[in-house]
Amino acid sequence: MTPGRRLLRVASLGAALVAWQLLTSLDVELWLRFGQFPTVGEVAAKLADRASTGPYWQDLVSSLSRIVSGFALAAVLGVAVGTAIARSRVAADVLGPVLEVLRPIPAIALVPVAILLFPSNEQGIVFITCTAAFFPVLVSTRHAVAALSPVWEEAVLTMGGGRGRILLSVIVPGALPGIFGGLSVGIGVGWICVISAEMISGEYGVGYRTWQDYTVVDYPGVFVGMATIGALGWLTSTAVERLGRRLTHWLPTRSTGPAPGPSPRPRPARPEPTAP
């Protein structure tokens, strides 16, 4: 990223904070009641106060451990099941109908199931997070694998390669861009559900603390929780995207242009017919 683009992004965030400060400090009432919101200064003071205490960091670590555990399980299961469904008719016929029935169910609606199924709230929250992130990864992997050209697979078979060689040399590298697209969506959906689950049945975590602040009408604390959730979500999604770019560095980008290749050979000039 160029320094100009980086500066523009920082300026955009700063402009949003300035607008927030002006709307709330001036008690602007234009149908939307900005006067009910805490100011940027109040939220910053609350954040500084919370960051100096142990419970804030304990909540942060709890939420991070839950999202990492659930997302890692979802990534492994989603890629494996999506590849199996795209490559095997038996897997598509056996697993496909069940997963398509379960996919429209919001993961947060599974909170009662998690409470009945798992002996602890911690395991239930990880289950809900995994379920939320699983389906975006599954669908993206399935479409990415199914869209691969059979030419490369036939080339490997012609050279004597087996199923394992096809999987490692053709399917996984070719589907990586689509897989990481699903992972980027999955990490965002996972954060939505882990925070919601913490609000409903958690004992620690950023979502639990944000809901507790709301129940005691501590609105600066609520906004501290929202800002923390946004920062954690941005950091984790950025990490996933950077890992994806690193693993697919061979793909052409706008900055680099198309991948370099051999220049076409010039055609020899066709001789002009001579007059009889």
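Shown above is the structure to which this text applies.
Below is a summary of the structure that appears in this document. For clarity, every value in this text was computed on a predicted model and none was experimentally measured.

## Details of the packing of aromatic side chains
Going through the model one piece at a time under the given rule, you end up with 7 aromatic pairs. Taking 5.6 Å as the distance between ring centres and 40° as the angle between the ring planes, the aromatic pair formed by W20 and F223 counts as tilted. Remark: F223 occurs in helix 10 (residues 219–247) and W20 occurs in helix 1 (residues 3–25); sequence separation between them is 203 residues. Of the residues examined, F223 reaches a relative accessible area of 14% and is grouped as buried.

## A closer look at the pattern of salt bridges
Enumeration according to the criterion identifies 8 salt bridges in this entry. Measuring nitrogen to oxygen at the nearest pair gives 2.8 Å for the salt bridge that ties R50 to D213. Placement of R50 in helix 2 (residues 40–51) and of D213 in helix 9 (residues 206–215) is noted, with a sequence separation of 163 residues between them. Judged by relative accessible area, R50 falls into the buried class, the value being 15%. When the shortest N-O distance is used, the salt bridge between E122 and R66 registers 2.9 Å. Note that E122 is positioned in helix 6 (residues 121–146) and R66 in helix 3 (residues 54–87), a separation of 56 residues in sequence. Owing to a relative accessible area of 3%, R66 belongs among the buried residues under this scheme.

Conventions adopted
- Residues numbered from 1 in each chain as written.
- Predicted model: local features only at pLDDT ≥ 70, side-chain atom pairs only at ≥ 80, totals over all residues.
- Heavy atoms only, no water.
- Phe/Tyr/Trp six-rings, centres within 6.5 Å; stacked < 30°, edge-to-face > 60°.
- Helix = DSSP H or I, 4+ residues; strand = E, 2+ residues; numbered from the N terminus.
- Buried < 20%, exposed > 50% of the residue type's maximum accessible area, 1.4 Å probe, protein only.
- Salt bridge = Lys/Arg side-chain N within 4 Å of Asp/Glu carboxyl O.

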